[in-house]
Amino acid sequence: MSESQRAFLFFLHIFLLPLFPLKAASSARTEAEALVRWKTTLSPSPSLNSWSLSNLRNLCRWTGIRCNNGSSVSEVNLSGANLAGSINQLDFTSLPNLTSFNLNGNNFNGSIPPGIGRLSRLTFLDLSKHLLDDFIPPEIGNLTEIQYISFYNNNLVGEVPFQIGNLQKVQYLDFGSNLLTTPDWSRFPGFPLLRRLSFFYNELTLGFPGFITSCPNLTYLDLSQNHLTGQIPESVFNNLVKLEYLNLSANSFEGPLSVNITKLSRLKDLRLPNNLFSGYILDSIGVIYNLEILDLFNNSFQGDIPASLGQLRNLKRLDLRTNDLNSTIPPELGLCINLTYLALAENSLTGPLPYSLSNLTNLLELGLSDNSLSGDISPFFISNWTKLTSLQLQSNRFTGEVPPEIGLLTDLRYLFLYNNTFSGSIPPEIGNLENLLNLDLSRNQFSGAIPLTIVNLKNLSILNLFSNNLTGTIPPMIGDLTSLQVLDINTNQLSGVLPESIIYLSSLATLSVFTNNLSGIIPQELGRNSPQLSIVSFSNNSFSGELPPGLCGGFSLDQFTANNNRFSGPLPDCLKNCSSLSRVRLEDNQFSGNISEAFGIHPKLEFLSLSRNQFTGQLTPQWGQYEQLTNLQMIT
């Protein structure tokens, strides 16, 4: 090489060397400008205060931004930043080194821009929990390095683009909670690395998507809440042996469960409710030892509850509600000591509760309603179920007394024992259940007084004691139940007056005391503090005096019955302003006043009985506006 050539190369080296950092700086400016331009299209947010060209030197420290070793933006993570706007305004071509793009949990709208397909190095894409609509662009298939994609909870429509099949490195695909429809699944290859796939809550139709059975590494599959039909292919059980979570709920899958389901030996969570499955629950299901959740609710399974379920020692949730099961409850269920939720309601189960159920000391919710179960509720059960938050035994044939141990269930929120043949008194220990929200003991044979301790239930919103044989008076401090919305004690043998404290029930919507032996004057402030009062029934008692003037002060009254009492005087003025009135019965009292002045415009009124009172006046033309009225009784 000549001296002149050496001199030229040396000069070129000296000249070009300073340009390399300039190129890096230029690249950083391009990326920063793209991000700042996007920021200006978004709603103002303090979380992006650091995004400024005056802060260019700290680009890699901007909120949500991370850079690679070359100081180029590689990650954008604005998850939960409370941003709103459009993703379309972001120039993805200015971010060529982006590997991760996470906008989870913001309020972006519009469509997914096709330009996102140019991010050839992207491995992580999370656009979940937005208002994105339109189609998924087929350019998404260009992201051949992608491993994680989530479009969960948007408004995306149309078919899933078959170009998704190009993403052979993807491990996580979530299309859940959109409006996607069925493509030609035969154009989709298997995904050899895919571990998690969700099409939850879309508009998919036809049969089980065939490509799924060519995804041998799947551990999580959710196709729930679609419109899929037919039987589950045998290839699901033969090929997807690594599945730990399988959710097919709320479709129209049918047929019996395949005996090959036991090949899914790693299953921890099996959810098949709200389908059309039929046949028997297989005995062999008891060998899927890892099962923690088994949900077969609302199908057409018949026959026995298999005793082999007792082998599922890890089972935490068992839901067999609303099927055609017609056996007794197998004692072996008592071996599932980790159960927290047991639901067997709405079947045709018979016989007593097996004593082994007392072993289920971790139960939080127990639902056995709407069967033909019988026998007593042993104190032994109650004293071992102290973690219960919900106990639902309604609509069976249970007998005997409710044991005082019921007071041990201090976490209980729902106690439903209605429509059985329980007898004896309501135990005063029920007042220990201070977390109780709903208490329904109606349609039994309870006798004796309503325990005074019931006023300890300060969180109670519904109290149903109707259709029993209760005697004595209504607890005078019933008004302490300030959360009460429904008080229904009709059809008993209660006596005495309606307590004055009842006026303090400010949330009361239903007050039903009909068919008792109650008497006296209704507290005159009743209704003034209860604006939501919509159903009131005083019928078939011996009440006297005038109705409270503010009874309908909230103008919410829908059904009002006071027939067969000794009421007198005019009707409350507020009655004429209750436009929601649908049913009124006032017959067999001594009400007085001008009939046309007592009522106003009631477009929903269907039934009105005023017979055998002392009303005067004439019917005016406005009565012709009661278009829904089908039954009017004004017999003298």
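Residues numbered from 1 in each chain as written. Predicted model: local features only at pLDDT ≥ 70, side-chain atom pairs only at ≥ 80, totals over all residues. Heavy atoms only, no water.

## Points about the pattern of salt bridges
Okay, so step 1: For the structure shown, the criterion picks out seven salt bridges.
Okay, so step 2: As a salt-bridge pair, Asp588 and Arg612 come within 2.5 Å of each other at their nearest N and O atoms. Note that Asp588 is positioned in the loop between strand 43 (583-585) and strand 44 (590-594) and Arg612 in the loop between strand 45 (607-609) and strand 46 (614-616), a separation of 24 residues in sequence.
Okay, so step 3: With a relative accessible area of 24%, Asp588 lands in the partly exposed category.
Okay, so step 4: Using a relative accessible area of 40% as the deciding quantity, one classes Arg612 as partly exposed. (Salt bridge = Lys/Arg side-chain N within 4 Å of Asp/Glu carboxyl O. Helix = DSSP H or I, 4+ residues; strand = E, 2+ residues; numbered from the N terminus. Buried < 20%, exposed > 50% of the residue type's maximum accessible area, 1.4 Å probe, protein only.)

## Some remarks on the environment of Ser86
Okay, so step 1: Within the element layout of this structure, Ser86 appears in strand 3 (residues 84-86).
Okay, so step 2: Ser86 sits in the buried class, given a relative accessible area of 15%.
Okay, so step 3: Taking the C-alpha atoms as reference, Ser86 lies 8.7 Å from Leu132; in sequence the two are 46 residues apart.
Okay, so step 4: The contacts of Ser86, once residues within four sequence positions are left out, are Trp38, Leu42, Phe108 and Asn109.
Okay, so step 5: Side-chain polar atoms of Ser86 contact the backbone nitrogen of Asn88, separated by 3.0 Å. (Contact = heavy atoms within 4.5 Å. Polar contact = N/O pair within 3.5 Å; in protein donor to acceptor, adjacent residues only side chain to side chain.)

## What about the nonpolar core?
Okay, so step 1: By size, the foremost hydrophobic cluster in this structure holds 179 residues, and its most contacted members are Phe101 and Phe538.
Okay, so step 2: Mapped by element, the contributors of at least two residues to this core are helix 2 (19-41), strand 2 (73-77), helix 3 (234-239), helix 4 (379-384) and helix 5 (595-598).
Okay, so step 3: It is helix 2 that provides the largest number of residues to this core, a total of five residues. (Core = buried A, V, L, I, M, F, W, Y, C linked by side-chain atoms within 4.5 Å.)

## As for the state of the cysteines
Okay, so step 1: Applying the stated criterion to the full structure yields two disulfides.
Okay, so step 2: The partner cysteine of Cys552 in its disulfide is Cys574, sulfur to sulfur 2.1 Å. In this structure the cystine formed by Cys552 and Cys574 twists about its S-S bond by roughly 85°; its chirality is therefore right-handed. One end of the pair, Cys552, is in the loop between strand 40 (542-545) and strand 41 (559-561); the other, Cys574, is in the loop between strand 42 (566-569) and strand 43, with 22 residues separating them in the sequence. Like Cys552, the residue Cys574 is buried in the burial classification.
Okay, so step 3: In the chain, the bonded cysteines, taken in the order they occur along the sequence, pair up as 1-2, 3-4.
Okay, so step 4: In this structure Cys578 is not part of a disulfide, and its nearest cysteine sulfur, from Cys552, lies 4.1 Å away. (Disulfide = S-S within 2.5 Å.)

## Notes on the sheet that holds strand 3
Okay, so step 1: Across the sheet, three strands lie side by side as 3-5-7; this open sheet has parallel pairing. Strand pairing shows two members of the sheet lacking a second neighbour, strand 3 and strand 7 (131-132), which therefore form its edges.
Okay, so step 2: Here strand 5 (residues 107-110) runs beside strand 7; their pairing, made up of two bridges, is parallel. Note that in strand 7 the partner of Asn109 across the bridge is Leu131. (Pairing = 2+ DSSP bridges.)

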